[in-house]
Amino acid sequence: MELGKKLYIRSLVNVASEPITYYWPMRTFITRNPLRELEDLPFREAIKEGELLFGGRGYLRREDYRHLYSMGHIKEEFLRESIKEFLSSLELSKSLPYEELVFALLTQEIKEPAYNLLHRGKAKEEILEALSESFMEDPSEVCRELFLSIGVKNTLQDLVKLLTGKDPSRLIDELVIKTAFDFLDEGQSTIDMPGRDAGLYRAWRELARRNLRFLLWTGRSLVSMLKDLEEPEEAIEYVLTSYELPQPAWEGYITLELAKLKGIAGFIKWRSHNKYYYWQKIHPVDLVDYAAIRLLVAKSVLDASSKDLPFRPTYRGIEEFLSKEKEKAYLMHEFSSRNCPPQVAEDYRKYLKNPAKHLQEYISLKAQIKAKSYYRFLSDWLKAVNLKLEDLSAQEVLELLRLYHLLKEEEGYIWLRALEETHIQKLVESIKLPEKTQEKPLAQALFCIDVRSERFRRNLESVGNYQTFGVAGFFGIPVAMVDLRKGHEEFLCPVIVTPKNVVFEMPYSRKGIEKDKALSQLLHGVKDHILAPFVAVEMLGFAFGFDFIGKTFLPDTYTKIKDLMWKESVKTSMMVNKLSEKEIEDITTYYYTSLIKKALEEMGIKDADPYLLFQTCLEEEVSLPEELRSVVEVLRSKYRVERGFVKLFEERLRSLGFTKEEQAFLVSTTLKSIGLVKDFAPIVFVLGHESRSENNPYESALDCGACGGASGIYNARIFCTMANDPAVRQIMKQKHGLNIPEETVFLPGIHNTTTDQIVLYDLEYLPARYVPMLERIRRDFEEARRLTAQERAGALDAGSPEQVYRKAYDWSEVRPEWGLSGNYAFVIGRRDITKLSELEGRVFLHSYDYTVDPKGFLLENILAGPAVVGQWINMEYYFSTTDNEVYGSGSKVYHNVVGRIGVMTGNYSDLRTGLPAQTVLKEGKPFHVPVRYTLVIEAPLELSQRAISRIRKIRDLMQNEWINVVVFDPQKGVFYRYLKGSWVEYQKKQEVKV
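Some words on the packing of helix α10 (residues 200–208) against helix α12 (residues 221–228)
- The interhelical angle for the contact between α10 and α12, taken along N-to-C directions, is 130°, at an axis separation of 10 Å. Here α10 is positioned oblique relative to α12, judged by the angle of their axes. As for how α10 packs across α12, the hand of that crossing is left-handed. In this structure, α10 contributes Tyr201, Trp204, Arg205 and Ala208 to the contact, and α12 contributes Leu222, Val223, Leu226 and Lys227.

This is the structure in structure tokens:
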């Protein structure tokens, strides 16, 4: 294939994949909007597009909204307002009480029209005839719509199902899923798919040509095609051309194929865009490979079944069938898609035997049955508002019928607006600005903005004189962390950020960290020891035996002991400072001379000088004895001891740690962003958050999203190490105008959101004079934990705070905690405005003081980062609740981990991309209340508008109605809302005190 055409196909697939959202691997499980790539569309349009592509509902079912209404989550006044707005957009006569009719239909148990619910008894003939006439269908129009849906709504295999009832997609999916998981496996499988280093398409092509499974299900068609299709681009062009698809339809058709398995496609899309990801480097894959395989498998399955079809399974073949045999096609579609009333189903063979003769008979019978069904429904509906169907004219009935069909399309949005208005009003009314007290807090604490921190913060403030702040849980320190227990880099920052600095965790030493020795230990670890594999297996087997017994029979007690053993056995420090050039040179020399020494041992050479060989490898001229010249070449080629790689090694070492100036900037920026610039308490706790659960593939979904789905403890420890450094504080004072008292100590810790425990770290740095104060604070932490666990116990069906704790360590527990379920708002402002609010652990709280940010730059940073990530979380929970099977991941009970990248349902399925039912549903009803995100900003309106205008993502989300935005101007005591393109005054707060 010529290069130009090849590039065209690649760009076509890339454009076609735009609606497919990234799916991160399970170990970093990033919550995101499943329709994120459709956010350039208005919310309601994106909902429809998502339903078209993925078949998912964007709103709850009526009975679920009705359940929320009965629980008080929706106020009647707002439901009626939403109904009025809907009706105002329609042209209706004034002869009927439409508002009451719609309200009754939404809130009362009125059975919908159904073929098994027909009107019995006397009916008004005029109305029955009018209804019957309105339900008469035109087969030509039905067939035309079916044909036009190809490449827009349906693939060719979809049309086969719609016309014959046979579903080729199941076999296609099964074959593609098996192929994808075999290739994408990251070490779970015992047998690797051969040839993966050549890429997905080439590896699969070699396998499929000899695979009995493919031969059995697709016949010779696939093998025949693969013989000549060496490149994926060639395969894509060949299939689409053989389908006889018009070229303008290619993009849409590829999109539909990719959307069939959106989880696998989303993961491949993510992986292909992360070229430094280890598995992508060794086993490259992209969506062009995947699309080619999907199309080839689909074509071969269709070819294998073509002899049993009444049409050729191509674009033109289906067009010919739908136009020339429209009577037969229409009837086949009616029975295959279950549009046929059961009362006439037994005559199916008669109708198909002579379609032209019986077509009108069928259409008339169907219309009459449908009319009787609607007659009963409309009669019941009108009775709900004390009206009789028989008192209406045929024209009024048809208008009511039109209203019903329009309502069916819009009722989800009607309910959603009422639900949101209820929540917004409650939140706004709870916001206050009480008189400030001059009493200095005993301690201050920085918590993650996560909604689960709100409860603990509130309870901690209630038991003592504490001042709490909310900030994104990575504390403004984007870092690639090398954990002592893991030995590899882990990005601890939001996924929209790529860290440039690396920090090592090192064994603690009062003398400080000896960098060359520490790095040497990491670079030459136990893995090089000949006994390591044996020892590791023995140790792991032994530990697993105890794990099995402990987690099964004594989960909480066992885990306490295990955590204590680890905590007490190894104390560590964070290596946050940059290496000097001299240290980099020394470490580089040490590493490469050690490497050369080992290489010489392998080659059996004893007398050579490793340092001299190292220097020689870096020089162009080689002045060595003849017998060592070949050694130099081996060192350069096999061991990469040559100038280019050494320079890369040195650059890597330069990425370790932060300069003192960088540290001062990061710490001061974080403290300024939350308004903590004066009146520092003696102890400032920096508390990251993590979740703890056992046997839970979704554990990372409960950890800190700001830390890339990991624990926030390392970011907290790094932040405190920087903030406690006298040199860093001096720079902060001189360059950033932030003066932290010498007696103030920053102390890191972790808030476990499953147990509500606070665990403190690096206590060896705490001055002895603070120990009595710390003991008092610990008691208050414990009391706050008890109050928070007691608050959460009811929703978790736990009888006591102790049972809440136990759930975290019981590996049979499917719901260790509710996570961020219930989240609906993100408040950017001073803690004082929400301190008296009962937010029920449902609101993100990001501290911000507009008085220290006159130009709004800090507000912009919050809007561009944490506020956007909060919206991702909100939409993940929203859609996982509205349609848990499509946008969520179904029940955990049926999940199996696959390839170490995610979970599937049962023996095979797509990668499940959203949240499990146990996270958002309770007894089949929504526990999470799905509303769009409400962003509240406490700042003068003009400053807020300026900041929003500079952050395109927030501006687009606001204008496309993906989020609600409220600005609380404390200077005016007024709440403003962005509605329909403009800012309007929403509510005044006369009681506000500034």
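After that view, the rundown keeps rolling.
A look at the packing of aromatic side chains
- The full count for this structure, using the stated rule, is 43 aromatic pairs.
- Lying over the aromatic face of Tyr770, Arg769 brings its terminal NZ or CZ to 4.7 Å of the ring centre.

As for the sheet that holds strand β17 (residues 964–969)
- Strand order in the open sheet formed by six strands is β11-β10-β16-β17-β18-β19, with mixed pairing between adjacent strands. A single partner strand is all that each edge strand has here, and the edge strands are β11 (843–847) and β19 (982–988). When the angles between neighbouring strand axes are averaged without regard to direction, this sheet yields 20°.
- In this structure, β17 lies alongside strand β18 (residues 974–979), joined through four bridges in antiparallel fashion. Opposite Phe968, over in β18, you have Phe975 as the bridge partner.
- On the sheet, helix α38 (residues 866–882) packs against β10 (825–829), β11 and β16 (934–938) and is oriented at approximately 175° with respect to β11.

A short note on the pattern of salt bridges
- Tallying each qualifying case throughout the model produces 67 salt bridges.
- Note that Glu237 and Lys5 form a salt bridge whose closest N and O atoms lie 3.2 Å from each other. Pair noted here: Glu237 is in helix α13 (residues 232–242) and Lys5 is in helix α1 (residues 3–16), with a separation of 232 residues, a long-range link.
- Judged by relative accessible area, which is 36%, Lys5 ranks as partly exposed.
- Between Glu650 and Lys647 there is a salt bridge; the shortest N-O distance is 3.9 Å. Within this pair, Glu650 and its partner Lys647 are both found in helix α30 (residues 643–654), separated by three residues, close to a single helical turn.
- The exposure class assigned to Glu650 is buried, which follows from its relative accessible area of 14%.
- Look at Lys647 and you get partly exposed, because its relative accessible area is 46%.

Digging into the environment of Lys735
- Structurally, the position occupied by Lys735 is in helix α34 (residues 726–736).
- Sequence spacing of Lys735 and Phe665 is 70 residues, and the spatial spacing of their C-alpha atoms is 8.7 Å.

Points about the nonpolar core
- Formed by 226 residues in total, the largest nonpolar core has its most connected members in Trp204, Ile236, Ile264, Tyr290, Leu296, Trp381 and Leu863.
- The biggest single contributor to this core is helix α22 (residues 394–430), with 15 residues.
- Discounting chain neighbours no more than four positions away, the residues touching Leu863 are Ile828, Val868, Leu935, Ile937, Ala947, Ile948, Ile951 and Ile954.
- Membership of the second largest hydrophobic core comes to 37 residues, among which are Phe469, Ile477, Ile713 and Phe746.

Concerning the pairing of strand β8 (residues 745–752)
- Summarising burial for β8: eight of the eight residues are buried, a large majority.
- Neither face of β8 is left uncovered, since the one carrying Val745, Leu747, Gly749 and His751 and the one carrying Phe746, Pro748, Ile750 and Asn752 both have all their residues buried.
- For strand β7 (residues 683–690) and β8, the ladder comprises eight bridges, and the chain directions are parallel. Bridged to Val684 within β8 is Phe746.
- By the bridge criterion, four bridges tie β8 to strand β9 (residues 757–760) in an arrangement that is antiparallel. Across the sheet, Ile750 pairs through a bridge with Val759, a residue of β9.
- Where β8 folds back on β9, the antiparallel hairpin that results is connected by four residues, among which Asp756 adopts a positive phi of roughly 65°.

Brief notes about the side chain of Thr753
- Among the secondary structure elements, Thr753 is positioned in the loop between β8 and β9.
- At 3.2 Å, the side chain of Thr753 forms a polar contact with the side chain of Arg452.
- Not counting residues within four places of it along the chain, the set of residues in contact with Thr753 comprises Arg452, His689, Glu690, Ser691, Leu702, Arg792 and Glu817.

Observations regarding the packing of helix α18 (residues 315–324) against helix α19 (residues 326–336)
- Viewed as axis vectors pointing N to C, α18 and α19 meet at an angle of 100°, and their least axial separation amounts to 5 Å. Overall, the two elements α18 and α19 adopt an arrangement that is roughly perpendicular. Of the residues in α19, those in contact with Phe321, Leu322, Ser323 and Lys324 of α18 are Lys326, Lys328, Ala329 and Met332.

Digging into the confidence of the model for the chain
- For the chain, mean pLDDT is 89; residues scoring 70 or higher make up 91% of the total.
- Of the regions scoring below 50 in pLDDT, residues 511–549 engages in 36 contacts with residues more than four places distant in sequence or in other chains.

A short note on the sheet that holds strand β1 (residues 443–448)
- Overall, mixed pairing links the five strands, which are arranged β2-β1-β7-β8-β9 in an open sheet. The strands lining the two open edges of the sheet, one partner per strand, are β2 (466–471) and β9. Averaged over all adjacent pairs, the angle separating strand axes in this sheet is 30°, with direction ignored.
- The sheet contact formed by β1 and β7 spans four bridges and is parallel.

Focus: the environment of Leu105
- When you line up the elements, Leu105 lands in helix α5 (residues 98–107).
- Taking the relative accessible area as the measure of exposure, Leu105 reaches 0% and is therefore buried.
- Counting along the chain gives 302 residues from Leu105 to Leu407, while the straight-line C-alpha distance between them is 9.9 Å.
- For Leu105, the residues in contact, after removing those within four places along its chain, are Arg62, Arg66, Ile110, Glu112, Phe377, Trp381, Tyr404 and Leu407.

What counts, and where the lines are drawn
- Residues numbered from 1 in each chain as written.
- Predicted model: local features only at pLDDT ≥ 70, side-chain atom pairs only at ≥ 80, totals over all residues.
- Heavy atoms only, no water.
- Axes fitted to C-alpha atoms, helices over the stretch in contact; angles between N-to-C directions.
- Helix = DSSP H or I, 4+ residues; strand = E, 2+ residues; numbered from the N terminus.
- Parallel < 35°, antiparallel > 145°, perpendicular 65-115°, else oblique.
- Left-handed = near helix turned anticlockwise from the far one by under 90°.
- Contact = heavy atoms within 4.5 Å.
- Phe/Tyr/Trp six-rings, centres within 6.5 Å; stacked < 30°, edge-to-face > 60°.
- Lys NZ or Arg CZ within 6 Å of the ring centre and 35° of its normal.
- Pairing = 2+ DSSP bridges.
- Salt bridge = Lys/Arg side-chain N within 4 Å of Asp/Glu carboxyl O.
- Buried < 20%, exposed > 50% of the residue type's maximum accessible area, 1.4 Å probe, protein only.
- Core = buried A, V, L, I, M, F, W, Y, C linked by side-chain atoms within 4.5 Å.
- Polar contact = N/O pair within 3.5 Å; in protein donor to acceptor, adjacent residues only side chain to side chain.
- pLDDT = per-residue confidence, 0-100.

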